[in-house]
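# Coordinate analysis (summary)
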Amino acid sequence: MRVRILYHDRCFDGACSAALFSSFVRRSLAPRADLAYTGLYHRADQLFDEDSFDGDVNAIVDFKYSASDRVDWWFDHHQSAFLSEQDAAHFRADTTGTKFYDPSYKSCTKFIADTLRAKFDFDWSHLTDLIHWADILDGAQHESARAAVAMESAALKLNLIIESAERNVTAEIIPLLETESLESIVARPEYDEVFRALYENHLNSIAVIRDLAVCRDEVVFFDLVHTRMRGYNKFVPYYLFPRSMYTVSVLDGGFRVKVSVGSNPWPPDFPHHNLAELCERYGGGGHPRVGAISYGPKEFDRARLTAAEIVDILSRP
């Protein structure tokens, strides 16, 4: 049997979700199955390729819903989980008992863990540390902005590798997450070398953001399109501007132009805007405290216009 697992790519929670579901497959569902992985990105068109569902069993974790008859398992926790009301209705009408959704969870990994234990009596105690750190990272539950930026824990180091390595290594790391500790994975020579180079870039990115960022009425904005940066640690703005409430940025990801919108996990006051709903107005989505909008390659002007509108909305009293 071939099991295809589709997951949110270049995302620590996506990788951990895939690893947890893989363990469920190997230990409970189909021990002799051949597992294959496909990473998914949020794109401007956001349509699924039916050819991706090529397994005897197909599962989607930590990503939007697909109404395809080929999808057998689905887990997600994003508020913006459905591309259309038709998809939402399709999910509500599902009777398979293998598709699950709960946006109250901070991480999809923890949601999958609780669901598999409650519904299928799956013992995931061998992955307790993995589940713990996925919930910390995806829920932005770090002790402080400094801790999030310093990256002293193995989980934060691995997160940097998964998100930012020039060669996408997520699919090869997923099986390791089942059998090795986070510390042993980042200590592997091939990943330790990658981390050291990425961490140096991370330190340089702090200086770049410090130079480009403008803070207006507790909203930090910066445009990274003309830099070589394809990503950044989302907690850097709150490290640099600890009293800020929101961050809006524009980034050239190559295959997309991305507008990121986030809120300070350690705010002086509680944020008043639901960022998922705000991003949905522009075709994006996410969670109440963090969201994003994806545009096509080179759509810089469109992304900048959206970013300016969102900064204006978030700056209003």
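For clarity, every value in this text was computed on a predicted model and none was experimentally measured.

What the six strands build is an open sheet, ordered β6-β7-β8-β9-β11-β10; its pairing is mixed. Only two strands of the sheet have a single partner each, and these edge strands are β6 (214-216) and β10 (285-287). Adjacent strand axes in the sheet meet at a mean angle of 15°, parallel and antiparallel pairs treated alike.

Here we come to the sheet that holds strand β1 (residues 2-8). The strand order β2-β1-β3-β4-β5 describes an open sheet built from five strands, whose pairing is parallel. In the strand order of this sheet, the two ends are held by β2 (34-40) and β5 (99-101), each with one partner. Sheet twist, expressed as the mean angle between neighbouring strand axes with direction ignored, is 15°. Judged from the five bridges that link them, β1 and strand β3 (residues 57-61) form a sheet pairing that is parallel. For Leu 6, the partnering residue across the bridge sits in β3 and is Ile 60.

Okay, the pairing of strand β8 (residues 246-252) next. The buried count for β8 comes to seven of seven residues, which makes it a mostly enclosed element. Burial of β8 is two-sided: the residues Tyr 246, Val 248, Val 250 and Asp 252 facing one way and the residues Thr 247, Ser 249 and Leu 251 facing the other way are all buried. Across seven bridges, β8 lies against strand β9 (residues 257-263) in antiparallel orientation. From the neighbouring strand, Asp 252 faces β9, where its bridge partner is Val 257. Two successive antiparallel strands, β8 and β9, enclose a turn made up of four residues, where Gly 254 displays a positive phi of approximately 90°.

How each quantity is defined
- Residues numbered from 1 in each chain as written.
- Predicted model: local features only at pLDDT ≥ 70, side-chain atom pairs only at ≥ 80, totals over all residues.
- Heavy atoms only, no water.
- Pairing = 2+ DSSP bridges.
- Helix = DSSP H or I, 4+ residues; strand = E, 2+ residues; numbered from the N terminus.
- Axes fitted to C-alpha atoms, helices over the stretch in contact; angles between N-to-C directions.
- Buried < 20%, exposed > 50% of the residue type's maximum accessible area, 1.4 Å probe, protein only.

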